[in-house]
Amino acid sequence: MTDQPQDTPSRLDRIEAILLESANQQRTNTTAIARLSQEIQSFVSIQEAIIENSETDRAAFQAEIRRIWEYLLQQSGNGHTPPTN
């Protein structure tokens, strides 16, 4: 049998310490991943709202442009009605 000093941890103690450290790191990683997932979901929700607002604005702008275009088509050169003979 080999003699080991009392202050030197056994191989099994070192393995247990490594496993404990790995388990703690895994818990930390799992928590960070869960937090990141929530932040991504929040980001996606915000982006969906921005896209929806943009589409609504685009439709409103198109309607306004169409209204202005139709108005201009009814007018002559500088906005005056052409004279009737």
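Student: Quick rundown of the overall build of the protein chain? Include the residues and the values.
Tutor: Scanning the protein chain from terminus to terminus reveals one helix and zero strands. Here the protein chain holds 85 residues, and 0% of them are scored as buried. For the protein chain, the exposed surface amounts to about 8300 Å²; the carbon and sulfur share of it is 57%.

Student: I'd like to hear about a nonpolar patch on the surface, residue by residue, with values.
Tutor: Together, Ile68, Trp69, Tyr71, Leu72 and Leu73 make up a nonpolar patch on the protein surface, roughly 560 Å² of accessible area in all. Within the secondary structure, Tyr71 is located in helix α1 (residues 11-74). Judged by its relative accessible area of 45%, Tyr71 is partly exposed.

The rules we used
Residues numbered from 1 in each chain as written. Predicted model: local features only at pLDDT ≥ 70, side-chain atom pairs only at ≥ 80, totals over all residues. Heavy atoms only, no water. Helix = DSSP H or I, 4+ residues; strand = E, 2+ residues; numbered from the N terminus. Buried < 20%, exposed > 50% of the residue type's maximum accessible area, 1.4 Å probe, protein only. Areas by Shrake-Rupley, 256 points an atom, 1.4 Å probe, with all protein chains shown as cover. Patch = residues over 30% accessible without salt bridge, like charges linked within 9 Å, V, L, I, M, F, W, Y side chains within 5 Å. Salt bridge = Lys/Arg side-chain N within 4 Å of Asp/Glu carboxyl O.

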